[in-house]
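Listed below are the residues making up each chain.
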Amino acid sequence: MKLKNIAITSFACLTLGSCQPQPWDEVGTSLAYCHRQVERTLAELGNHESGTDYTLMPRNIADTASVWHLRKATKEEWCAGFWPGVLWYAYEHGNNSAIRQEAERFTASLEFLSHTPAYDHDLGFLIFCSYGNGYRLTGNPSYKQVILDTADTLATLFNPTVGALLSWPRHVKDYGGHNVIMDNMMNLEMLFWAAKNGGGKHLYDMAVSHADKTMNHHFRSDYTSYHVAVYDTLTGERINALTHQGYADESLWARGQAWAIYGFTVVYRETGDQKYLDFAQQVTDAYLAHLPEDGIPYWDFDDPRIPNAPRDASAACVVASALAELNTYVPEEKGNQYKEQALKMLHSLSTDAYRSGEQKPSFLLHSTGNLPAGSEIDASIIYADYYYIEALLRWQKQLKNG
Ligand code: GLY
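Keep in mind the model is a prediction, meaning the values are calculated, not measured.

Asks: How would you summarise the overall build of the protein if you had to cite specific residues and measurements?
Replies: When helices and strands are counted, the protein shows 14 helices and eight strands. Taking 21 Å as the expected radius of gyration for a compact globule of 402 residues, we find that the protein reaches 20 Å, a close match to that expectation. Dimensions of the protein, computed from C-alpha atoms along their principal axes, come out at roughly 60 × 50 × 40 Å. Long-range contacts, defined as pairs at least 24 residues apart, comprise 67% of the intrachain contacts of the protein with a sequence gap of at least 6. Put simply, the protein shows about 15500 Å² of open surface, and 49% of that area lies on carbon and sulfur atoms. The average position of the 32 basic charges and that of the 47 acidic charges among the side chains of the protein differ by 2 Å.

Asks: Mind laying out the side chain of Thr243, listing which residues take part and the relevant values?
Replies: Examined against the element boundaries, Thr243 turns out to sit in the loop between strand 7 (238–242) and helix 10 (254–271). Given a relative accessible area of 16%, Thr243 falls into the buried group. Within the structure, Thr243 has its side chain in polar contact with the backbone nitrogen of Gly246 (distance 2.8 Å). Excluding anything up to four places from it in sequence, Thr243 contacts Tyr175, His227, Val228, Ala248 and Asp249.

Asks: How would you summarise the side chain of Glu325 if you had to cite specific residues and measurements?
Replies: Turning to its location among the elements, Glu325 is positioned in helix 12 (residues 313–326). Residue Glu325 is classed as buried on the basis of its relative accessible area, which comes to 11%. There is a polar contact of 2.7 Å between the side chain of Glu325 and the side chain of Arg269. A distance of 2.4 Å separates a polar atom in the side chain of Glu325 from a polar atom in the side chain of Tyr329. If we skip the residues at most four places from it in the chain, Glu325 touches Thr265, Arg269 and Arg394.

Asks: Residues and numbers for the packing of helix 12 against helix 14 (residues 382–400), please.
Replies: Where helix 12 meets helix 14, the closest approach of the two axes is 8 Å, and the angle between their N-to-C directions is 25°. The pairing of helix 12 with helix 14 is recorded here as roughly parallel in orientation. In this structure, the crossing between helix 12 and helix 14 has a hand that is left-handed. Of the residues in helix 14, those in contact with Ser314, Cys317, Val318, Ala320, Ser321, Ala322, Leu323, Ala324 and Glu325 of helix 12 are Tyr383, Ala384, Tyr387, Tyr388, Glu390, Ala391, Arg394, Trp395 and Gln398. Tallied by class, residues from the contact of helix 12 with helix 14 come to twelve nonpolar, three polar and three charged.

Asks: Residues and numbers for empty space enclosed by the protein, please.
Replies: Within this structure, the stated rule accounts for three cavities of 30 Å³ or more. In this model, the largest cavity occupies a volume close to 50 Å³. In terms of lining residues, the largest cavity is bounded by Arg220, Ser225, Tyr226, His227, Thr243, Gly246, Ala248, Asp249, Ser251, Trp253, Gly256 and Asp300. The class makeup of the residues in the lining of the largest cavity is three nonpolar, six polar and three charged.

Asks: An account of the site of the ligand is needed here, citing residue identities and associated values.
Replies: As a structural note, the neighbourhood of the ligand is formed by Trp78, Asp183, Gln245, Trp253, Arg255, Trp259 and Tyr383. Within the side chain of Gln245, one N or O atom sits 2.8 Å away from an oxygen atom of the ligand. Arg255 is positioned with one of its side-chain polar atoms (N or O) 2.5 Å from an oxygen atom of the ligand. Surface burial for the ligand is 93%, taken as the share of its 200 Å² of free accessible area covered by protein chains. Structurally, the ligand is housed in the second largest pocket. Tallied by class, the residues present in the shell around the ligand amount to four nonpolar, one polar and two charged.

Asks: For the pairing of strand 6 (residues 228–231), give the residues involved together with the corresponding values.
Replies: The alternating pattern of strand 6 places Val228 and Val230 on one face and Ala229 and Tyr231 on the opposite face, and all of these are buried. Pairing of strand 5 (residues 178–181) with strand 6, which is carried by four bridges, proceeds in the antiparallel orientation. Among the inter-strand pairings, His178 is bridged to a residue of strand 6, identified as Tyr231. Bridging between strand 6 and strand 7 involves four bridges; their strand directions are antiparallel. Of the residues in strand 7, the one forming a bridge with Ala229 is Ala241. Linking strand 6 back to strand 7 in an antiparallel pair, the connection comprises six residues, with Gly236 at a positive phi of about 80°.

Asks: Describe the sheet that holds strand 5, and please don't skip the residues or the numbers.
Replies: Strand order in the open sheet formed by three strands is 5-6-7, with antiparallel pairing between adjacent strands. The outermost strands of the open sheet, each flanked by one partner alone, are strand 5 and strand 7. Within the sheet, the average angular offset between the axes of one strand and its neighbour, ignoring direction, is 20°. Against the sheet, helix 9 (residues 201–217) engages strand 5, strand 6 and strand 7, with an angle of about 105° to strand 6.

Asks: Report on the packing of aromatic side chains, specifying residues and quantitative values.
Replies: In this description, a pair of aromatic rings is defined by centroid distance and the angle of the planes. Per the counting criterion, the structure on display carries 29 aromatic pairs. When the centroid spacing of 4.9 Å and the interplanar angle of 75° are considered together, the rings of Phe264 and Phe279 count as edge-to-face. Here the residue Phe264 occupies a position in helix 10, and Phe279 occupies one in helix 11 (residues 274–289), the gap between them amounting to 15 residues. There is no split in this pair, since Phe264 and Phe279 are both buried. Here the aromatic rings of Tyr287 and Phe301 are separated by 5.6 Å at their centres, their planes lie at 85°, and the arrangement is edge-to-face. With Tyr287 in helix 11 and Phe301 in the loop between helix 11 and helix 12, this pair connects stretches of sequence that are 14 residues apart. Using a relative accessible area of 0% as the deciding quantity, one classes Tyr287 as buried. Through pairs of rings, three or more aromatic residues link up here, namely Trp78, Phe82, Tyr89, Phe125, Trp259, Tyr262, Tyr383, Tyr386 and Tyr387. Taking NZ or CZ as reference, Arg220 lies 4.2 Å from the ring centre of Tyr226, over its face.

Thresholds applied
Residues numbered from 1 in each chain as written. Predicted model: local features only at pLDDT ≥ 70, side-chain atom pairs only at ≥ 80, totals over all residues. Heavy atoms only, no water. Helix = DSSP H or I, 4+ residues; strand = E, 2+ residues; numbered from the N terminus. Rg over C-alpha atoms; globule rule 2.2 N^0.38 Å. Contact = heavy atoms within 4.5 Å. Areas by Shrake-Rupley, 256 points an atom, 1.4 Å probe, with all protein chains shown as cover. Lys, Arg positive; Asp, Glu negative; His and termini not counted. Charge placed at Lys NZ, Arg CZ, Asp CG, Glu CD. Buried < 20%, exposed > 50% of the residue type's maximum accessible area, 1.4 Å probe, protein only. Polar contact = N/O pair within 3.5 Å; in protein donor to acceptor, adjacent residues only side chain to side chain. Axes fitted to C-alpha atoms, helices over the stretch in contact; angles between N-to-C directions. Parallel < 35°, antiparallel > 145°, perpendicular 65-115°, else oblique. Left-handed = near helix turned anticlockwise from the far one by under 90°. Nonpolar A, V, L, I, M, F, W, Y, C, P; charged D, E, K, R; others polar. 1 Å grid on protein atoms, 1.4 Å probe; cavity = no way out; pocket = protein on both sides within 12 Å on 5 of 7 lines; lining within 4 Å. Points joined across faces, edges and corners; volume = space filled by probe spheres on them. Near = heavy atom within 4 Å. Sits in = over half its atoms within 2 Å of the grid points. Pairing = 2+ DSSP bridges. Phe/Tyr/Trp six-rings, centres within 6.5 Å; stacked < 30°, edge-to-face > 60°. Lys NZ or Arg CZ within 6 Å of the ring centre and 35° of its normal.

Here it is, written out as structure tokens:
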């Protein structure tokens, strides 16, 4: 990966507020940039004889490519909800009715998931990023029903003996038990939401139980996370902890820790229980302590090739978004630290070193999907774009309110 030099000093200037532009301006400029890239992607997707196929979702752009690689929205394609989610955020930003129409059309391609047996835990990513944002912005009652039905489907993965959802039913044999991956923390939000919107208290209880199990068994004593924890299906005991996408079983896979930061922040929001806030801070502080100068993590903090290892911009986007929420829950001094860190991440992401710019229609370069599998290394990946625009919008609201 060839990162251009980033002028960190200019960020110091930003945070101290002594020279232009201010973070507020930079967030606004970055959102306008995202809007232009969305228009480019929509034009690219519509540039076929038969027009846009709304069941094909942008997934990635390899470092050597310049157009989106599209994937069919199937139950196995865990990223299919992010593009509709990007469109909903773009609509929220610009209030553009043409973008809303496209968001509605891509979102509708995922409706089948609400009446399809659960393939795995990714239903939250798939439906809450698409229908969840759609419902938040439009109040469309049919969207609400899709989310409620899908939350019920997700709940079928809950094993009461273990006290957690089964993340990957297809890997039970490989792992020799009930597997839970850190990413699964992201899908609790849909259960919490459904519980508050007529889905039943049992969904709340499942989400809390899953969070507790994860908090107690998925972390090392220094608050760094394992990617996968395996539990005995009959006793619920943890029998193994290992990696799937990281460098090694005992390494710190950056995106896994990012999912944990975001996930436990949501659990605190939904429960109000201080223990989750304390934990979210510990997990965040462990992540921040590992960051390189520009605030964008290496894909795995223990890759021995560092500083020549690939980065993972997607993890930075997830954390920048989570910190927009977490900083509001903690004491002022800590909140200011989180704010400064998050704005530094967003600033780095918004430089030419990480932006796709004219080269490609994605927002960002330099994410890493699954390095051990040789997949999506140093690429544009749709979930990086999703959490980037989410982070920008969250910070824009917060900076606007002082
Ligand atoms: N949920 C899969 C990943 O983070 O790559």
